[in-house]
Amino acid sequence: MIMNVLVVSASHSMNLSQTSLILNPFMDGMKDAGAKTEIIYLKKINLKPCKADLTCWFKHPEKCIIEDNFQFLKSAVSNKDLLVVATPVYLGGINSLLQTFFERLLPFSHSDFIYHKAHFGHKTNSENFPKKLFLVSSCSFFEKDNFKAPVAQMKNLAHGFSLNYIGALLRPHILCLFINDMLEEQKQIIIKNCYQAGKELINKGAVNSDILSTISSPLMQKTKYMKLVNDYFNEIKT
């Protein structure tokens, strides 16, 4: 059973973000299933970009020369069973905060290449590093295929740190849940299923595909969604 969970939110609006609509009940479900959860907001800890000089591999193993909040990050990641990362999708992939987070984890990896599930990767330096990775993501674009890139990135990053990628909770065209009051019933169904997804992930180590499909299912016709969003944006402009 997964007991210690680190949740990393890459949303710039943090707990007020659109992604938090699906992340918060997901976390509640994990907690109620008995997991000890900790959340960090990347915007708050202000990590600087990796310099890629590789001193953390060859001169000072497991240490980073950049003077910022890396020690806080190192402490937060240690002794966790599961790493849950939450990111909005703006333009076809994970956002810059989450990309920086993963690159700054480089000191946890070893320089030598290994095979991880028949794929090139690195092993981690520490037994205390999480063993599993799960993605939570939202997008304002309509199509679910906007998550192809971030899901592929998570799978590749899992190889890079010898993690087991165990799935993703995805919500496309999430903006309509914030600007259309007629969808309140559907919103509550999604929230309920996000909560159940969190419980299942802890209790069973995976989330039922029917639950994930319900969370990501279409809420209106594509043309109606486009008009709804564009009308909303035009109101903001005025």
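Preceding this section is the structure that the text describes.
So, a few notes on the structure that sits alongside this text. (Residues numbered from 1 in each chain as written. Predicted model: local features only at pLDDT ≥ 70, side-chain atom pairs only at ≥ 80, totals over all residues. Heavy atoms only, no water.)

## Some words on unusual backbone geometry
Unlike most non-glycine residues, E62 shows phi in positive territory, near 70 degrees. Topologically, E62 is positioned in the loop between α3 (55–58) and α4 (70–77). Taking the relative accessible area as the measure of exposure, E62 reaches 31% and is therefore partly exposed. In this structure, S162 takes a positive phi of about 55 degrees despite not being glycine. Structurally, the position occupied by S162 is in the loop between α6 (148–160) and β7 (164–171). (Helix = DSSP H or I, 4+ residues; strand = E, 2+ residues; numbered from the N terminus. Buried < 20%, exposed > 50% of the residue type's maximum accessible area, 1.4 Å probe, protein only.)

## A closer look at the packing of helix α8 (residues 184–204) against helix α9 (residues 209–216)
Close contact between α8 and α9 brings their axes to 9 Å; oriented N to C, the two are set at 150 degrees. By the angle class used here, α8 and α9 are roughly antiparallel. Where α8 crosses over α9, the two elements pack in a sense that is left-handed. On α9, the residues that touch I189, I190, N193, C194, Q196, A197 and E200 of α8 are I211, T214 and I215. Residues that form the contact of α8 with α9 fall into these classes: six nonpolar, three polar and one charged. (Axes fitted to C-alpha atoms, helices over the stretch in contact; angles between N-to-C directions. Parallel < 35°, antiparallel > 145°, perpendicular 65-115°, else oblique. Left-handed = near helix turned anticlockwise from the far one by under 90°. Contact = heavy atoms within 4.5 Å. Nonpolar A, V, L, I, M, F, W, Y, C, P; charged D, E, K, R; others polar.)

## Quick notes on a nonpolar patch on the surface
A cluster of nonpolar side chains, namely F113, Y115 and F120, defines an oily patch on the protein surface of about 420 Å² accessible area. As for its position among the elements, F113 is in strand β4 (residues 109–115). (Patch = residues over 30% accessible without salt bridge, like charges linked within 9 Å, V, L, I, M, F, W, Y side chains within 5 Å. Areas by Shrake-Rupley, 256 points an atom, 1.4 Å probe, with all protein chains shown as cover. Salt bridge = Lys/Arg side-chain N within 4 Å of Asp/Glu carboxyl O.)

## Side note on the pairing of strand β6 (residues 132–139)
Burial analysis of β6 places seven of its eight residues in the buried class, the great majority of the element. In this sheet, β6 lies alongside strand β3 (residues 82–89) in parallel orientation, the contact comprising eight bridges. From the neighbouring strand, V89 faces β6, where its bridge partner is C139. Bridge count for β6 against β7 is six bridges, and the pairing is parallel. Pairing of L133 across the sheet is with Y165, part of β7. (Pairing = 2+ DSSP bridges.)

## A short note on the pairing of β4
When β4 meets strand β5 (residues 120–124), the two strands line up antiparallel, connected through four bridges. From the neighbouring strand, F113 faces β5, where its bridge partner is H122. In this antiparallel pair of consecutive strands, β4 and β5, the connection spans four residues, and K117 shows a positive phi of 55 degrees.

## What to know about the sheet that holds strand β1 (residues 4–9)
Spatial ordering of the open sheet is given by β2-β1-β3-β6-β7, a layout of five strands whose pairing is parallel. Only two strands of the sheet have a single neighbouring strand rather than two, namely β2 (36–41) and β7. Across the sheet, the mean angle from the axis of one strand to that of its neighbour is 20 degrees, orientation sign disregarded. Bridge count for β1 against β2 is six bridges, and the pairing is parallel. Note on β2: the bridge partner recorded for V5 is T37. Across the sheet, helix α1 (residues 20–32) touches β1, β2, β3, β6 and β7, and the angle it forms with β6 is around 150 degrees. Sheet strands in contact with helix α5 (residues 96–103) are β1, β3 and β6, and its direction is about 150 degrees off that of β3.

## Considering α8
Between the first and last C-alpha of α8 there are 30 Å, a value that for 21 residues agrees with the 30 Å anticipated at 1.5 Å per step. Regarding α8, the residues found buried are K187, I190, N193, C194, A197, G198, E200, L201 and I202. Positioned one or two residues after α8, G205 has a phi angle of 80 degrees, which is positive. (Expected span 1.5 Å × (residues − 1).)

## Here we look at α6
Its 13 residues place the ends of α6 19 Å apart at the C-alpha level, agreeing with the 18 Å of an ideal helix rising 1.5 Å per residue. The set of residues buried in α6 consists of P150, V151, M154, L157, A158, H159 and G160. Positive backbone phi, at 55 degrees, marks S162, one or two positions downstream of α6.

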